[in-house]
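Examination of the molecular architecture
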Amino acid sequence: MQIAKVRGTVVSTQKEPALRGVKLLLLQLVDENGNILPEYEVAADIVGAGVDEWVLITRGSAARQVVGNEQRPLDAAVVAIIDTIYVEDRLIYSKKDQYR
């Protein structure tokens, strides 16, 4: 899995029929120190994440193992919204601190 920050949404009116009704998010990847990386990913959102939230994404065949995604042509899926991240007793990210 990878940590990412939600930067926006991707809207497509013409797409594979299996993707109808699937919310797509534009994500910017985050490293283990909480630094925003210059790498982006588009992923299906199955948890209802919003802009500026930090999320966990899964890629490849794992993205298609989520219930309801088995027949969808997905390469990445948002599977969790992150509340906090600690690395070696150091707080890297806290959702509640983002909205103060």
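Up top you'll find the structure we're talking about.
Here the structure is a predicted model, which is why all the values come from computation and not from measurement.

As a general feature of sheets, a regular strand has side chains that alternate between the two faces. Two strands pair when backbone bridges link them, and strand E6 (residues 84-87) and strand E7 (residues 90-94) are joined in this way by four bridges, in the antiparallel orientation. Looking at E7, one finds that threonine 84 is bridged to serine 94.

Looking now at the nonpolar core. Within the largest apolar cluster, eleven residues are counted, these being Ala4, Val6, Leu25, Leu27, Leu29, Ala43, Ala49, Val55, Ile57, Ala76 and Val78. With three residues, strand E2 (residues 23-30) is the single largest residue contributor to this core. Excluding residues within four positions of it along the chain, isoleucine 57 makes contact with Met1, Gln2, Leu27, Leu29, Glu41, Ala43, Ala77 and Val78. Counting residues in hydrophobic clusters, the runner-up holds seven residues, among them Ile3, Trp54, Ile85 and Tyr93.

The next subject is the side chain of serine 94. Among the secondary structure elements, serine 94 is positioned in strand E7. Overall, the relative accessible area of 7% leaves serine 94 in the buried class. Not counting the four nearest positions on each side in its chain, serine 94 is found in contact with Asp83 and Thr84.

Thresholds applied
Residues numbered from 1 in each chain as written. Predicted model: local features only at pLDDT ≥ 70, side-chain atom pairs only at ≥ 80, totals over all residues. Heavy atoms only, no water. Pairing = 2+ DSSP bridges. Helix = DSSP H or I, 4+ residues; strand = E, 2+ residues; numbered from the N terminus. Core = buried A, V, L, I, M, F, W, Y, C linked by side-chain atoms within 4.5 Å. Buried < 20%, exposed > 50% of the residue type's maximum accessible area, 1.4 Å probe, protein only. Contact = heavy atoms within 4.5 Å.

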